[in-house]
Amino acid sequence: MFGGETAISKRSTIVDVADLAGVSIKTVSRALNDAPHVSADARERVKAAAAALDYHPNIAAQSLIARRSYLIGLTYERPSPSYVVELQNGALARLEDARYRLVVLPFRDVASRPEELGRLLLRAGLDGVLLAPPACDQDDLLAMLDRQKLPYARITPHRAMERGIVMAMDEVAAGRAIAAHLLSLGHRRIGIVMGDPSHAASAARMEGYRRAFAEAGAAIDDNMIGTGDFTYDVGYTVAADLLRRTPRPTAILAQNDDMAVAAMAAVRDAGLSVPGDVSVAGFDDSEVSRTAWPQLTTVRQPVSEMAWDAVDRLIATLDAGGGDEGEAPATRGDHPHELLVRASTAPPPR
């Protein structure tokens, strides 16, 4: 578009781009940020000039001018590594070509320290934040962020669904689907490895199991329920304990894939086979469910897609001025679950 070759002897600036494109500095900024109110012709000339000059906007400088950090936080509490990877991958995929960057802020014992987490998030200088369970359901934390006008997106919350940006999935229905699968195979002695009680998802998934049992005319044996915390190590301990009970379960239903894979290891260490002696099912469809042997029957929770959607809506809110005018407007994205039947489940042994 521009005649001849442009010599580059120093790092190009926004002034150089404006001069070459024949527009104002403000127009360059708006065009490169894909802001509205820039003509197609001006936008094309600006981007061509930027390419010719090998110009790349300085995010630190943009932050000073706009009085924004262009940082989006992600906070979570020690759940499974697989879940965290899915969250990060989804968020990073949306930010790949954006001027925003991701700041990861893990935090332990959220339920007992919500205001301490709130202070951490506020000190981080974020423009917005993604709240994974259980932070997404902490009323004190949400109130603190609202007061400080820090926009937030919540991943699978279970209450106050009108607050902030919400990514929802029907975990009761998902829990019902995976339990109904085991019941349809003929299992009745089903051991259950619960997740962390401070996560509302644990109770929601358990409610789904109860509904499936009721519909099948069966009853859950409370002696077959053990409490885990969504980690492999604790999942293994709980599953091994369930396998020592009499009569032994013919199936184990774990509330996430990491604990389910741990249960598979416990079955094998007990000298039994999966699914010949004990079927195992999980929840999430994380990568470990596909690399395990046999591959794990599970429910797909679209964590990566929810994180992508949450970041996308959060950026839209920020770019529309939501970060300056108050809390993020309530907006909701509903994501479906999917039952994935693989090789780790089969009818109970005769």
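Keep in mind that this is a model prediction, so the values were computed, not measured.

1. Let's talk about the overall build of the protein chain
Argument step 1. A tally of regular secondary structure across the protein chain gives 14 helices and 12 strands.
Argument step 2. Residues classed as buried in the protein chain amount to 53% of the 350 residues present.
Argument step 3. Here the protein chain displays about 15800 Å² of accessible surface, and carbon together with sulfur accounts for 50% of that area.

2. Let's talk about unusual backbone geometry
Glycine aside, negative phi is the norm for most residues, and most peptide bonds take the trans geometry.
Argument step 1. For the bond from Thr 246 to Pro 247, the omega torsion is -5°, close enough to zero to count as cis.
Argument step 2. Here Pro 247 shows up in the loop between α10 (232-243) and β8 (251-254).
Argument step 3. Residue Pro 275 is bonded to the preceding Val 274 through a cis peptide linkage, with omega at 5°.
Argument step 4. Considering the arrangement of structural elements, one finds Pro 275 in the loop between α11 (257-269) and β9 (279-281).
Argument step 5. Positioned with a positive phi, Asp 109 is a non-glycine residue whose angle comes to about 55°.
Argument step 6. Mapping Asp 109 onto the fold places it in the loop between β2 (101-106) and α6 (114-123).
Argument step 7. With a phi close to 55°, Lys 149 is a non-glycine residue in the positive phi region.
Argument step 8. Along the chain, Lys 149 falls in the loop between α7 (139-147) and β4 (152-155).
Argument step 9. Residue Lys 149 is classed as partly exposed on the basis of its relative accessible area, which comes to 43%.

3. Quick look at the sheet that holds β8
Argument step 1. A sheet is described by the order of its strands in space; here four strands give the open sequence β7-β6-β8-β9, paired in parallel fashion. At either end of the open sheet lies a strand with only one pairing partner, and these are β7 (225-227) and β9. The sheet shows a mean angle of 15° between the axes of neighbouring strands, taken without regard to direction.
Argument step 2. Relative to β7, strand β6 (residues 190-194) is paired through three bridges, and the arrangement is parallel. Opposite Met 194, over in β7, you have Thr 227 as the bridge partner.
Argument step 3. Taken strand by strand, α11 contacts β6, β8 and β9, and its axis lies near 165° from that of β9.

4. Description of the sheet that holds β4
Argument step 1. Pairing is parallel in the open sheet, where six strands are placed in the order β2-β1-β3-β4-β5-β11. Sheet topology places β2 and β11 (331-334) at the edges, where each strand pairs with a single neighbour. The sheet shows a mean angle of 20° between the axes of neighbouring strands, direction not considered.
Argument step 2. Taken together, the four bridges between strand β1 (residues 71-76) and strand β3 (residues 128-131) define a ladder with parallel strand orientation. Paired with Gly 73 across the bridge in β3 is Val 129.

5. A short note on the packing of aromatic side chains
Argument step 1. According to the stated counting rule, one finds one aromatic pair in the structure shown.
Argument step 2. In this structure, Arg 205 is placed above the aromatic ring of Phe 283, and the distance from its NZ or CZ to the ring centre is 3.8 Å.

6. Considerations on the pattern of salt bridges
As a working rule, side chains carrying opposite charge can pair if their charged atoms are close by.
Argument step 1. Counted by the stated rule, this structure contains 18 salt bridges.
Argument step 2. In this structure, Glu 116 and Arg 113 form a salt bridge, with 2.9 Å as the shortest nitrogen-oxygen distance.
Argument step 3. Among the ionic pairs, Asp 334 bridges to Arg 332, the shortest N-O distance being 2.9 Å.
Argument step 4. Residue Asp 334 is classed as exposed on the basis of its relative accessible area of 54%.
Argument step 5. Linked by salt bridges that have partners in common, Asp 285, Arg 290, Arg 300, Glu 305 and Arg 342 make up one network.

7. What to know about the packing of helix α8 (residues 171-184) against helix α9 (residues 200-215)
Any two packed helices are characterised by the angle at which their axes cross and by the distance between the axes.
Argument step 1. Remark: α8 packs on α9, axes separated minimally by 7 Å, with the N-to-C direction vectors making an angle of 45°. Considering the angle they form, α8 stands oblique to α9. With respect to the hand of their crossing, α8 and α9 are arranged in right-handed fashion. Mapping the contact onto sequence places Glu 171, Val 172, Gly 175, Arg 176, Ile 178, Ala 179, Ala 180 and Leu 183 in α8 and Ala 201, Ala 204, Arg 205, Glu 207, Gly 208, Tyr 209, Arg 211, Ala 212, Phe 213 and Glu 215 in α9.
Argument step 2. For the contact of α8 with α9, a count of residues per class yields 10 nonpolar, two polar and six charged.

What counts and what doesn't
Residues numbered from 1 in each chain as written. Predicted model: local features only at pLDDT ≥ 70, side-chain atom pairs only at ≥ 80, totals over all residues. Heavy atoms only, no water. Helix = DSSP H or I, 4+ residues; strand = E, 2+ residues; numbered from the N terminus. Buried < 20%, exposed > 50% of the residue type's maximum accessible area, 1.4 Å probe, protein only. Areas by Shrake-Rupley, 256 points an atom, 1.4 Å probe, with all protein chains shown as cover. Pairing = 2+ DSSP bridges. Axes fitted to C-alpha atoms, helices over the stretch in contact; angles between N-to-C directions. Contact = heavy atoms within 4.5 Å. Phe/Tyr/Trp six-rings, centres within 6.5 Å; stacked < 30°, edge-to-face > 60°. Lys NZ or Arg CZ within 6 Å of the ring centre and 35° of its normal. Salt bridge = Lys/Arg side-chain N within 4 Å of Asp/Glu carboxyl O. Parallel < 35°, antiparallel > 145°, perpendicular 65-115°, else oblique. Left-handed = near helix turned anticlockwise from the far one by under 90°. Nonpolar A, V, L, I, M, F, W, Y, C, P; charged D, E, K, R; others polar.

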